[in-house]
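The lines below spell out each chain.
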Amino acid sequence: MHRYPYITPYLNQVFSAEKKYWDFRFLRPVLLVSYFFIRLVSFPIKFVLRRSPLGFEGRLIDWCMTFGLKYLARTEAAELFIRHTQIEPILYRYILSKRDQPSRDSSEKLNGIDGDFNLESLAIAKRNNLTIGHDLLSYELVDRFDKQLFLENIEYLRSIRPEEHEKYSKTLLDETRRHSFQLLGPTSLVILVVIVITICGDLKTTVTALNSFGSDSLLLWCMKRLYVDNPSVLTDLDFFMQEVSNRGHYNSSVFFSNPSQYLYYHVVFDEVVYDLLMNEPFKPEENCVV
């Protein structure tokens, strides 16, 4: 089994376990090769014929996504997916927090950093634009983030912790447990989501969804600031330095996007950041070997 020291035991377990399943061995390579040809044909057609949304794209994407979660995903894959949709806005709320300023709670379901991210059912996920709404969180964070305010509040942030994601409902997973044929693991599921977005979305929707990595760069910068006095954490964070996404270049080409990066860079990164903030001290204890 592969075990990587800079990710969490939970993630190591999930990714090690999926390697023994048929979909990782046989379906994943087929999906990756298929995606290369799909985007090669799809994006020129979208550029000419479907540059702007017609209104049904988000609903169609969410219908496909919820169908996969209900009937195809293995429970551990669905759980990782649901955890991510709840952990990401929690992290963004945390780094936007300010001393003596109440949180900006919003009743908007599954949309907006301050929205309600309880996932009681697949019907709720489908009705509230979960997939595209989730991708738009990245752009909202970049728009709302203020470097000077963050630095002014950095000691306050070190005095608090993010919310616990366990307090949010995940009863949606009960539908996966009851109905799924338990066919697809995390890697196959995420690649299929990327393929569905590429096929079903118009050019604007697809590029918006597949280019939503700016927040990862911002979150990494914040974490390095918060943990500047903890060399051990900084070492782990170095393994999430930007590679070939718009975390490094601000605009990455969808023609060269790698569907695996959405899982191994984005989902994994958020899980690691959440675990660090919940469990690691901002300064190592005295006489502690780092």
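See the structure shown above.
What you see as residue numbers is a count from 1 along each chain, following the sequence as written. For this predicted model, a pLDDT threshold of at least 70 governs which residues receive local features, and a threshold of 80 or more governs which side-chain atom pairs are given and counted, while totals over whole chains, interfaces and linings are taken from all residues. Only hydrogens and water are set aside; all other atoms, that is, all heavy atoms of the structure, feed into the side-chain values.

Draft legend 1. Just the pattern of salt bridges, in detail. One side-chain nitrogen of Lys or Arg within 4 Å of one carboxyl oxygen of Asp or Glu is enough to make a salt bridge. Tallied over the full model, the rule gives 13 salt bridges. Here glutamate 120 makes a salt bridge to lysine 109, at a shortest N to O gap of 3.1 Å. Of the two residues, glutamate 120 sits in the loop between helix H4 (75-96) and helix H5 (122-127) while lysine 109 sits in the loop between H4 and H5, which places them eleven residues apart along the sequence. Relative accessible area serves as the criterion here: at 15%, lysine 109 is assigned to the buried category. Residue aspartate 114 pairs with arginine 144 through a salt bridge whose shortest N-O separation is 2.8 Å. Taken as a pair, aspartate 114 in the loop between H4 and H5 and arginine 144 in helix H6 (residues 130-144) lie far apart in primary sequence, 30 residues in all. To qualify as a helix, a DSSP run of H or I must reach at least 4 residues; to qualify as a strand, a run of E must reach at least 2; elements of each kind are numbered from the N terminus. Partly exposed describes any residue whose relative accessible area lies between the buried limit of under 20% and the exposed limit of over 50%, with all areas from a 1.4 Å probe on protein chains only and scaled to the type maximum.

Draft legend 2. Representation of the side chain of arginine 93 in the model. Here arginine 93 shows up in helix H4. Residue classification places arginine 93 among the buried positions, given a relative accessible area of 16%. Among the polar contacts made by the side chain of arginine 93, one reaches the main-chain carbonyl oxygen of glycine 115 at a distance of 2.6 Å. Sequence-distant contacts of arginine 93, that is, excluding residues within four places in its chain, are made with Ile113, Asp114, Gly115, Phe117, Glu163 and Tyr168. Contacts described as polar in this section are N or O atom pairs within 3.5 Å, which, within protein, must combine one atom able to donate a hydrogen with one able to accept it, while residues neighboring in sequence count only if both atoms come from side chains. A contact between two residues is defined here by any heavy atoms of the two lying within 4.5 Å.

Draft legend 3. How the structure looks around the nonpolar core. Put simply, a nonpolar core is a bunch of buried Ala, Val, Leu, Ile, Met, Phe, Trp, Tyr and Cys residues held in one set by side-chain atoms that sit within 4.5 Å of each other. The biggest cluster of nonpolar side chains holds 74 residues, and the ones touching the most others in it are Leu69, Leu226 and Leu277. At twelve residues, the largest contribution of residues to this core is made by H4. Residues within four places of leucine 226 in sequence aside, it is in contact with Tyr94, Phe150, Ile154, Leu157, Arg158, Leu277 and Phe282.

Draft legend 4. Highlighting the packing of aromatic side chains. The rule is short: rings of Phe, Tyr and Trp, with Trp giving its six-membered ring, pair when the centres are within 6.5 Å, and they are stacked under 30 degrees, edge-to-face over 60, tilted in between. Counted under the stated rule, the structure contains 13 aromatic pairs. An angle of 65° between the planes, with centres 5.3 Å apart, marks the rings of phenylalanine 15 and tyrosine 264 as edge-to-face. Taken together, the positions of phenylalanine 15 in helix H1 (residues 9-18) and tyrosine 264 in helix H15 (residues 260-279) put the pair 249 residues apart, joining distant regions of the chain. On the basis of relative accessibility, which here comes to 8%, the residue phenylalanine 15 falls in the buried class. Ring centres of phenylalanine 36 and phenylalanine 37 lie 5.2 Å apart, and the angle between their planes is 85°; this geometry places the pair in the edge-to-face category. Here phenylalanine 36 falls in the partly exposed class, since its relative accessible area comes to 42%. A connected cluster of aromatic rings, assembled from ring pairs, spans Tyr4, Tyr6, Phe239, Phe240 and Phe269. Geometrically, a lysine NZ or arginine CZ counts as sitting over a ring once it is within 6 Å of the ring centre and also within 35 degrees of the ring normal. It is arginine 74 that lies over the ring of tyrosine 21; its NZ or CZ is 3.6 Å from the centre. Over the ring of tyrosine 10 we find arginine 83; its NZ or CZ atom is 4.3 Å from the centre of that ring.

Draft legend 5. Focus on a nonpolar patch on the surface. For patches, a residue must show more than 30% relative accessible area and have no salt bridge; joins then use 9 Å for like charges and 5 Å for nonpolar side chains, namely Val, Leu, Ile, Met, Phe, Trp and Tyr. Surface accessibility in these figures is a Shrake-Rupley result with a 1.4 Å probe; residues are shielded only by whichever protein chains are displayed. Together, Val33, Phe36, Phe37, Leu40, Val41, Ile45, Phe47, Val48 and Leu49 give the surface a local cluster of nonpolar side chains, amounting to about 930 Å² of exposed area. Structurally, the position occupied by valine 33 is in helix H2 (residues 22-49). For valine 33, a relative accessible area of 49% puts it in the partly exposed group.

Draft legend 6. Up close: H15. To estimate the expected span of a helix, subtract one from its residue number and multiply by 1.5 Å. Along its 20 residues, H15 runs 27 Å from first to last C-alpha, staying within 8% of the 28 Å computed at 1.5 Å per residue. Throughout, the bend at a residue refers to the angle made by two axes, fitted to the seven residues ending there and to the seven starting there. By the largest-angle criterion, valine 268 marks the main kink of H15, which is about 25°.

Draft legend 7. Molecular detail of the environment of histidine 134. Examined against the element boundaries, histidine 134 turns out to sit in helix H6. Judged by its relative accessible area of 11%, histidine 134 is buried. Ignoring any residue separated from it by four or fewer positions in sequence, one finds histidine 134 in contact with His84, Thr85, Glu88, Asn129 and His266. A polar contact is formed between the side chain of histidine 134 and the side chain of histidine 84, at a distance of 3.1 Å.

Draft legend 8. Layout of the packing of H4 against helix H12 (residues 214-226). Inter-axis angles, ranging from 0 to 180 degrees, are taken between N-to-C directions of lines fitted to C-alpha atoms, where helices are fitted over the stretch in contact. Across the interface, H4 lies against H12 with an axial gap of 11 Å and an inter-helix angle of 55°. Taken together, H4 and H12 sit at an angle that is classed as oblique. Note on packing geometry: the crossing formed by H4 with H12 is left-handed. Contact residues: H4 offers Glu88, Leu91, Tyr92, Tyr94 and Ile95, while H12 offers Ser215, Asp216, Leu219, Cys222 and Leu226. When residue character is reported, Ala, Val, Leu, Ile, Met, Phe, Trp, Tyr, Cys and Pro are called nonpolar, Asp, Glu, Lys and Arg charged, and the others, Gly included, polar. Across the contact of H4 with H12, the residue classes break down as seven nonpolar, one polar and two charged. An angle counts as roughly parallel when it lies under 35 degrees, as roughly antiparallel when it exceeds 145, as roughly perpendicular when it falls between 65 and 115, and as oblique in every other case. Crossings are classed by handedness, with left-handed meaning an anticlockwise turn of the near helix from the far one by less than a right angle and right-handed meaning a clockwise turn.

Draft legend 9. Up close: H6. For H6, with 15 residues, the first-to-last C-alpha span of 21 Å sits near the 21 Å given by 1.5 Å per residue. The principal kink in H6, of about 25°, is found at serine 138. What H6 keeps buried is the set Leu130, Thr131, Ile132, Gly133, His134, Asp135, Leu137, Ser138 and Leu141.

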